[in-house]
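Notes for the structure review
So you can see what is in the structure, the chains are spelled out below.
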Amino acid sequence: DALVARAERREEHYYGYTDTFLFAALDAHPIAGKRVLLLGSNVPWYEAVCLARGAALCVTLEYNPLRYDLPEDRARTFTVAEWKAARLLGEPCRWPDRPMSCRFDAIFSISSFEHDGLGRYGDPLNPEGDLEAMASLLDYLDPNEGKVFLSVPVGEDAVYWNAERMYGARRLPLLLARYQPLAAYGVQLAALQPRPAGPHPGQHRGEHPSEPGGAAGDAAGGRGGAAATSSALPEMVADGWLLKTARERHARMTNFSGEGFQPVFVLAASRAGGGSGQVRSAPPKN
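What counts and what doesn't
- Residues numbered from 1 in each chain as written.
- Predicted model: local features only at pLDDT ≥ 70, side-chain atom pairs only at ≥ 80, totals over all residues.
- Heavy atoms only, no water.
- Phe/Tyr/Trp six-rings, centres within 6.5 Å; stacked < 30°, edge-to-face > 60°.
- Helix = DSSP H or I, 4+ residues; strand = E, 2+ residues; numbered from the N terminus.
- Buried < 20%, exposed > 50% of the residue type's maximum accessible area, 1.4 Å probe, protein only.
- Lys NZ or Arg CZ within 6 Å of the ring centre and 35° of its normal.
- Pairing = 2+ DSSP bridges.
- Right-handed = clockwise from strand over helix to strand, strands pointing away.

**Remarks on the packing of aromatic side chains**
Summed over all chains, the structure comprises seven aromatic pairs. With centroids separated by 5.8 Å and ring planes inclined at 75 degrees, the aromatic side chains of Trp 83 and Tyr 140 adopt a geometry described as edge-to-face. Here the residue Trp 83 occupies a position in helix H4 (residues 80-88), and Tyr 140 occupies one in the loop between helix H5 (129-136) and strand S5 (147-151), the gap between them amounting to 57 residues. You'll find Trp 83 and Tyr 140 in the same group, each marked buried. Judged by centre distance (5.4 Å) and plane angle (70 degrees), the ring pair of Phe 108 and Phe 149 falls under edge-to-face. Of the two residues, Phe 108 is situated in strand S4 (residues 106-110) and Phe 149 in strand S5; the sequence distance between them amounts to 41 residues. The class of Phe 108 is buried, set by a relative accessible area of 1%. Within the aromatic cluster, the residues linked to one another by ring pairs are Phe 78, Trp 83, Trp 95, Phe 104 and Tyr 140. Geometry around Trp 45 places Arg 6 over its ring, the cationic atom sitting 5.5 Å from the centre.

Dropping the structure here:
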């Protein structure tokens, strides 16, 4: 109850600014009355956010058994082993007790996938673990209206063994390859238009209309600012603009370790997307 009350007051928890970005994302993409899958959990903060935002059901999937005091009519927790066993048996979808074969209206992955495949949380070593886990969400997401709320560290591409990955110009487009970005919060990608004619990715270019200092960039530069609504995100990453923005924002933020920060992306399934049939979710660092 205390955590739900904090979430209702829009307070920040372990991830600081990321929570403010998530609140802004949920303002624009509400989950009231919806069924939500949460990946990775050590403390029931994002379950509290889910409940505070009026979700009909909040289902947590985690490697280790959880003992949370959550309202049973609106919240469930399952281990990855339980989930996979039910899938292998071909259990039909049965809300809310056996949702393993169900399709969810929304999925939360907040600081989870960057750990997948590194073994830190008991998951098997797999260099593609994060990409496989991300692709597998498509097996559980409503293909028509479902949305993924994703947060991973953005900065220089790197692996900090065996803690986490950092997503930059190379890895972030791979992570998002099967999704359509609907919005971004915490990164100045507001008012993106179709890519204008000009230098190719990787070349130096002049100020983009929504770069810091431009009118659109200023409009979206505050905490939880306006959202990007463009499929151009991978291109913007590829030519270094997102990375440049990440560096500048990180320079003003003191409550994150490492060389990146964690914006929130809102994603929908791409029409060409296809799942992998398994979930490899590691818990967040909180």
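From this point, things continue past the structure.
**Details of the pairing of S5**
Buried residues dominate S5, accounting for four of its five residues. Pairing between S4 and S5: five bridges, direction parallel. Across the sheet, residue Ile 107 finds its bridge partner in S5, namely Val 148. This β-α-β element, S4 to H5 to S5, shows right-handed connectivity. Bridge count between S5 and strand S9 (residues 264-269): three bridges; the pairing is antiparallel. The residue of S9 that forms the bridge with Val 148 is Leu 267.

**Looking at the pairing of strand S8 (residues 179-185)**
Along any regular strand the residues' side chains alternate between the sheet's two faces. Burial analysis of S8 places five of its seven residues in the buried class, the great majority of the element. Bridge count between S8 and S9: six bridges; the pairing is antiparallel. Its bridge partner lying in S9, Tyr 185 is registered against Val 264.

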